Amino acid sequence: MKLEGRIAIITGGGSGIGHEACKLFAGEGATVIVADRDLEAAQRVAAEIAGQGGKAVAHRVDVSKEAEIEAMIVRTVADHGRLDILVNNAGYGIAGTVVETSEADWNALMSVNVNGVFLGCKHAIPVMEKQGGGAIVNTASAVANVGIHGRAAYVASKGAVAALTRAMATDHVEANIRINAVAPGTIESPYFTKILSGPDGAELRRGLEERQAMDRLGRPVEIAQAMLWLASDDASFCTGSVMVVDGGWTARGDRKP
Ligand code: NAD
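Treat the numbers as computed from the prediction; the structure is a model and nothing was measured. (Residues numbered from 1 in each chain as written. Predicted model: local features only at pLDDT ≥ 70, side-chain atom pairs only at ≥ 80, totals over all residues.)

A. Quick peek at the site of the ligand. Taken together, 31 residues sit near the ligand, with G12, S15, G16, G91 and S189 positioned nearest. For the shell around the ligand, the secondary-structure elements that each account for two or more residues are helix 1 (16–27) and helix 7 (190–196). Split by residue class, the shell around the ligand holds 13 nonpolar, 14 polar and 4 charged. (Near = placed C-beta within 6 Å. Helix = DSSP H or I, 4+ residues; strand = E, 2+ residues; numbered from the N terminus. Nonpolar A, V, L, I, M, F, W, Y, C, P; charged D, E, K, R; others polar.)

B. Representation of helix 2 (residues 39–51) within the structure. The end-to-end C-alpha distance of helix 2 is 18 Å, a good match for the 18 Å that 13 residues give at a rise of 1.5 Å each. All of the buried residues along helix 2 are A41, A42, V45, A46 and I49. Burial along helix 2 is one-sided: seen end-on, the buried residues are contained in an arc of 135°. Exposed residues lying more than 90 degrees from the buried face of helix 2 are E40 and G51. (Expected span 1.5 Å × (residues − 1). Buried ≥ 20, exposed ≤ 12 C-beta atoms within 10 Å, placed from the backbone. Arc of directions from axis to C-beta.)

C. View of the environment of A42. By secondary structure assignment, the location of A42 is in helix 2. The exposure class assigned to A42 is buried, which follows from the 29 C-beta atoms found within 10 Å. On a C-alpha basis, the gap between A42 and G13 in space is 6.4 Å, while along the polypeptide they are 29 residues apart. Excluding residues that lie within four positions of it along the chain, A42 makes contacts with G13, G14, V34, A35, D36, A58, H59 and R60. (Contact = placed C-beta atoms within 7 Å.)

D. Helix 5 (residues 115–131), seen in detail. Compared with an ideal rise of 1.5 Å per residue, which puts 17 residues at 24 Å, helix 5 spans 25 Å between its outermost C-alpha atoms and is within 8% of the ideal. Maximum bend of helix 5: about 30°, positioned at A124, with proline P126 one to four residues after it. Those residues of helix 5 that sit buried are N115, G116, V117, F118, L119, G120, C121, A124, I125 and M128. Where helix 5 terminates, the next one or two residues include G132, which has phi positive at roughly 100°. (Bend = angle between axes of the 7 residues up to and from the residue.)

E. Up close: the pairing of strand 1 (residues 7–11). Of all the 5 residues making up strand 1, 5 are buried; the element is thus mostly covered by neighbouring parts of the structure. Neither face of strand 1 is exposed, since I7, I9 and T11 on one face and A8 and I10 on the opposite face are all buried. Bridging between strand 1 and strand 2 (residues 31–36) involves 5 bridges; their strand directions are parallel. Paired with T11 across the strands is A35, a residue of strand 2. Following the backbone out of strand 1, through helix 1 and into the adjacent parallel strand 2, one traces a crossover that is right-handed. Where strand 1 meets strand 4 (residues 85–88), 3 bridges bridge the pair, whose relative direction is parallel. When the bridges of strand 4 are listed, I10 appears paired with V87. (Pairing = 2+ DSSP bridges. Right-handed = clockwise from strand over helix to strand, strands pointing away.)

F. Spatial organisation of unusual backbone geometry. Even without glycine at this site, N176 takes up a positive phi of about 65°. C-beta crowding within 10 Å serves as the criterion here: with 14 such atoms nearby, N176 is assigned to the partly exposed category.

G. Structural view of the packing of helix 5 against helix 6 (residues 152–172). Contact geometry for helix 5 and helix 6: axes closest at 11 Å, N-to-C directions at 15°. As summarised for this structure, helix 5 and helix 6 are arranged roughly parallel, according to the angle between their axes. Crossing angle aside, the handedness with which helix 5 passes helix 6 is right-handed. Here helix 5 contributes V117, F118, C121 and I125 to the contact with helix 6, which in turn contributes V161, L164, M168 and H172. Of the residues contributing to the contact of helix 5 with helix 6, the split by class is 7 nonpolar, 1 polar and no charged. (Axes fitted to C-alpha atoms, helices over the stretch in contact; angles between N-to-C directions. Parallel < 35°, antiparallel > 145°, perpendicular 65-115°, else oblique. Left-handed = near helix turned anticlockwise from the far one by under 90°.)

H. The arrangement of the sheet that holds strand 6 (residues 177–184) in detail. Spatial strand order, 3-2-1-4-5-6-7: 7 strands in an open sheet with parallel pairing. Looking at strand neighbours, the two that pair on one side only are strand 3 (55–60) and strand 7 (242–245), the edges of this open sheet. The mean inter-strand angle of the sheet, taken between neighbouring strand axes irrespective of direction, is 20°. Of the strand pairs in this sheet, strand 4 and strand 5 (residues 134–139) are connected by 4 bridges, and their pairing is parallel. Paired with N88 across the two strands is N138, which belongs to strand 5. Across the sheet, helix 6 lies against strand 5, strand 6 and strand 7, angled at about 165° from strand 6, the strand it touches most.

Shown next, in the form of structure tokens:
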């Protein structure tokens, strides 16, 4: 029980990586606030956790809206007395080079992927500071470290999450708040399953698998395990790190022999 008695908010908890993180954290004794824009999805995850004997509540939030983030954190402290862990995981991707990306699509993506992390931290850190510490885990991406084609806005947003993680870790280390990020490779979450079930799905899957060092895509739970480690006391000397969990994809500098 690595998180016994801890109160944890996980954004994007209704699906994929966030869903697995909610289950793992609750399984380790945390009370989990399953926070998602899709309330029904969050409620399904909270019910699943309750069915397994864990503690979870669903909360609807759009992480791009400061008032909603602030209200969620105020409510969490009112209901549970504290906030020990925040996982800023909600996010999405769009395709396109910069030339192909509209200003509206760019701004919308940044408002979730980057502002969502900024706003979550802005409102959680003072609470954690007051209570003597806490742990924050942000979801970046392996593309924070390498360029990939046709996803300019997404790559930029995840680079910003990695950089912001390092900056905030430096600013708040004395308040005993550890701030880290995970950088997943290609993970078969519902988001990717939908893309891979399209007309060009088989070819796309082959291309994605070929670029891996391991011959497969990752599973959401394999990212959630890294989040759990970073959020737990096992990672007590770890802050400002961006942990790559990508099956060796970005470590490779060549094509497969
Ligand atoms: P997913 O689509 O399965 O889950 C994302 C969840 O976030 C959904 O439940 C969605 O409703 C929620 N969400 C989206 N926008 C939101 C908002 N504005 N406010 C609140 N909730 C919102 O996706 P996933 O693959 O599990 O992705 C989770 C995170 O991991 C994202 O930040 C994504 O960019 C990142 N990531 C995913 C992969 C991958 O290959 N799947 C790789 C690297 C990074």
